[in-house]
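Structural description and commentary
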Amino acid sequence: GTVVTAPPTVNAGGDVTVVVTDADLTGFGSIIVEVIVKRAGGIVEKETITLIEAPVNSGIFVAVVPSSGAPGSQGDSTLNVQPGDQIIVDYDDLIGGSGTPENNVLSITATNGAFNSVPASISVADVLSISLTDLDIAEDTRVNGSGILIVTVRNANSGETEDVTLTEDPAGSGTFTGSINTAFSGAGSSGNNNNGTLGVAVNDVVVIDYVDNLNASGGSSTITSSNISVVGGGDGTVSTASASINA
């Protein structure tokens, strides 16, 4: 069977149409799917929705699912969404292409996320810019607006970690960008986690971790960037003002 959603982009409060086409189930009358709301890379809501075969004996099953921009309860058959959310349908096909059940047929094609242009090195006190692309997040149906993702920047020497929020730019593209400040912390010293600045020293190694909750295999995995070496900062200068000294 195949699963699609429409429209490609919906405003909070709009309806999402879910269509499953499965000739093996012609005449079943109805089927059940799970409609998922993803936000910041994770699942925030699941709704069990019944699709009705229409026309009768067509093998085409349809439901119109309402959404709301207001908070709601799971299980109320309404998708409670925010700008940038993604709506995904998960269908368990009773009779797959090989004649056996095929679970987790999705309305999107899952892909692996990947970091873009990771620098080989940074200097102490540099701003570390981060860019990541996860193309399945750009697939239908998206709630109108920019999404966000969370990555973790980690000093492999000190163990300090900083969670950094990346914002989708442009909206609907599946590419997310952000940055974090760094500051000298002394060799091997561990700063406070999640204080907004990553402590580093010369010869430290920094990496970035992204938990891809829907990878190309349909599972979850952690993607780690290549190593970022910390090199020396700029040279300091000392100056004195001219002054006259009278004996």
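Heads up: the structure comes first, above all this text.
Residue positions are given per chain, counted from 1 along the sequence in the order it is written. With pLDDT at 70 or above as the cut-off, local features in this predicted model cover only qualifying residues; side-chain atom pairs require 80 or more to be listed or tallied, and sums for whole chains, interfaces and linings still use all residues. The side-chain figures draw on all heavy atoms in the structure; neither hydrogens nor water molecules are used.

1. What about the overall build of the protein?
Secondary structure assignment for the protein yields zero helices and 20 strands. Taking 2.2 N^0.38 as the reference for a compact globule, 247 residues should give roughly 18 Å; the C-alpha atoms of the protein span a radius of gyration of 25 Å, well beyond that estimate. A principal-axis box enclosing the C-alpha atoms of the protein has dimensions of 110 × 40 × 25 Å. The buried label goes to any residue with under 20% of its type's maximum accessible area, the exposed label to any with over 50%, and the partly exposed label to all in between, with areas taken from a 1.4 Å probe on protein chains only. Split into buried and exposed, the 247 residues of the protein put 38% on the buried side. If you take every contact in the protein between residues at least 6 apart in sequence, the share linking residues at least 24 apart comes to 60%. Within the structure as shown, the protein displays about 12,000 Å² of accessible surface, and the carbon and sulfur contribution to it stands at 50%. Segments assigned H or I by DSSP are reported as helices when at least four residues long, segments assigned E as strands when at least two residues long, and all are numbered from the N terminus. C-alpha atoms define the radius of gyration in this analysis, and the globule rule sets the expected value at 2.2 Å times the number of residues to the power 0.38. Contacts between residues were defined by any pair of non-hydrogen atoms, one from each residue, lying within 4.5 Å. Exposure was quantified through the Shrake-Rupley algorithm and a 1.4 Å probe, taking into account, for residues, occlusion by the shown protein chains and nothing else.

2. Some details on a nonpolar patch on the surface
Taken together, the side chains of Phe 28, Leu 94 and Ile 95 make up a nonpolar region of the molecular surface, amounting to roughly 280 Å² of accessible area. One can find Phe 28 in the loop between β3 (15-21) and β4 (30-39). To count toward a patch, a residue needs a relative accessible area over 30% and no salt bridge; like charges are then connected within 9 Å, while nonpolar side chains (Val, Leu, Ile, Met, Phe, Trp, Tyr) are connected within 5 Å. The term salt bridge refers to a pairing of a side-chain nitrogen on Lys or Arg with a carboxyl oxygen on Asp or Glu at a separation within 4 Å.

3. A look at the environment of Val 64
Here Val 64 shows up in strand β6 (residues 60-68). Separated by 43 residues in the primary sequence, Val 64 and Ser 107 place their C-alpha atoms 15 Å from one another. The residues touching Val 64, leaving out its near neighbours within four places in the chain, are Asp 15, Val 16 and Thr 17.

4. Details of the pairing of β3
Burial along β3 is one-sided: Val 16, Val 18 and Val 20 are buried, and none of Asp 15, Thr 17, Val 19 and Thr 21, which face the opposite way, are. Two strands form a pair only when DSSP identifies at least two bridges running between them. Relative to β3, strand β1 (residues 2-6) runs antiparallel, the two sharing five bridges. If you follow Ala 6 over to β3, its bridge partner there is Thr 17. Two strands pair when backbone bridges link them, and β3 and β6 are joined in this way by seven bridges, in the antiparallel orientation. Paired with Val 18 across the two strands is Ala 63, which belongs to β6.

5. Quick word on the side chain of Thr 141
Mapped onto the fold, Thr 141 is located in the loop between β12 (127-133) and β13 (142-143). Beyond its immediate chain neighbours, meaning those up to four positions away, Thr 141 contacts Thr 5, Ala 6, Pro 7, Pro 8, Thr 9, Val 10, Val 16, Asp 85, Gln 86 and Ile 87.

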